[in-house]
Amino acid sequence: MKECCCREKKIPRSEEEVKTLKNRIHRIIGQLNGIEKMIDENRYCGDILIQVAAVEKALENVGYAILQNHLETCVRDGVKEDDEAIMSEVIDLVKKLK
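The following paragraphs examine the structure supplied in this document. (Residues numbered from 1 in each chain as written. Predicted model: local features only at pLDDT ≥ 70, side-chain atom pairs only at ≥ 80, totals over all residues. Heavy atoms only, no water.)

### Some details on the overall build of the chain
Reasoning step 1: Counting its regular elements, the chain contains three helices and zero strands.
Reasoning step 2: Scanning the chain from its N terminus toward the C terminus, one meets helices and strands in the order α-α-α.
Reasoning step 3: Rg of the C-alpha trace for the chain: 18 Å, well past the compact-globule value of 13 Å for 98 residues, more than 25% over.
Reasoning step 4: If you line up the chain on its principal axes, its C-alpha atoms span 55 × 30 × 25 Å.
Reasoning step 5: In the chain, buried positions account for 18% of the 98 residues.
Reasoning step 6: A fraction of 59% describes how many contacts in the chain between residues 6 or more apart in sequence connect residues 24 or more apart.
Reasoning step 7: Accessible surface for the chain amounts to roughly 8100 Å². Of this, 57% is attributable to carbon and sulfur atoms. (Helix = DSSP H or I, 4+ residues; strand = E, 2+ residues; numbered from the N terminus. Rg over C-alpha atoms; globule rule 2.2 N^0.38 Å. Buried < 20%, exposed > 50% of the residue type's maximum accessible area, 1.4 Å probe, protein only. Contact = heavy atoms within 4.5 Å. Areas by Shrake-Rupley, 256 points an atom, 1.4 Å probe, with all protein chains shown as cover.)

The following block contains the structure:
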């Protein structure tokens, strides 16, 4: 049986960080809705692709913000606790982001 990959973060995100991440996600959702509307309106392919690239970049930035927090909290604590698997996890996560 496959182990669940969902774990709870030991160090909670600050209210400000949660607010910032959620705002970014809501903007991305708005951009995706805009792309859907552009498709419905039969807009020019190049214009749609520009918006797709903007969404990809915005989502990448959300991932990097979460990765930074992960390194500054979970990974830092894992290193302090001599967690031998933490660096492999970091490498795998960075690979998945790219």
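The rest of the description comes next.
### A closer look at the packing of helix α1 (residues 15-40) against helix α2 (residues 45-80)
Reasoning step 1: The N-to-C vectors of α1 and α2 enclose an angle of 165°; their axes lie 10 Å apart at closest approach. Compared by their axis directions, α1 and α2 come out roughly antiparallel. The hand of the α1/α2 crossing is left-handed.
Reasoning step 2: Here the contact of α1 with α2 is built from residues that sort into 16 nonpolar, four polar and three charged. (Axes fitted to C-alpha atoms, helices over the stretch in contact; angles between N-to-C directions. Parallel < 35°, antiparallel > 145°, perpendicular 65-115°, else oblique. Left-handed = near helix turned anticlockwise from the far one by under 90°. Nonpolar A, V, L, I, M, F, W, Y, C, P; charged D, E, K, R; others polar.)

### Some thoughts on a nonpolar patch on the surface
Reasoning step 1: On the surface, a cluster of nonpolar side chains totalling about 240 Å² of accessible area is made up of I25, I29 and L59.
Reasoning step 2: Examined against the element boundaries, I25 turns out to sit in helix α1. (Patch = residues over 30% accessible without salt bridge, like charges linked within 9 Å, V, L, I, M, F, W, Y side chains within 5 Å. Salt bridge = Lys/Arg side-chain N within 4 Å of Asp/Glu carboxyl O.)

Everything listed is a geometric property; what it means functionally is a separate question.
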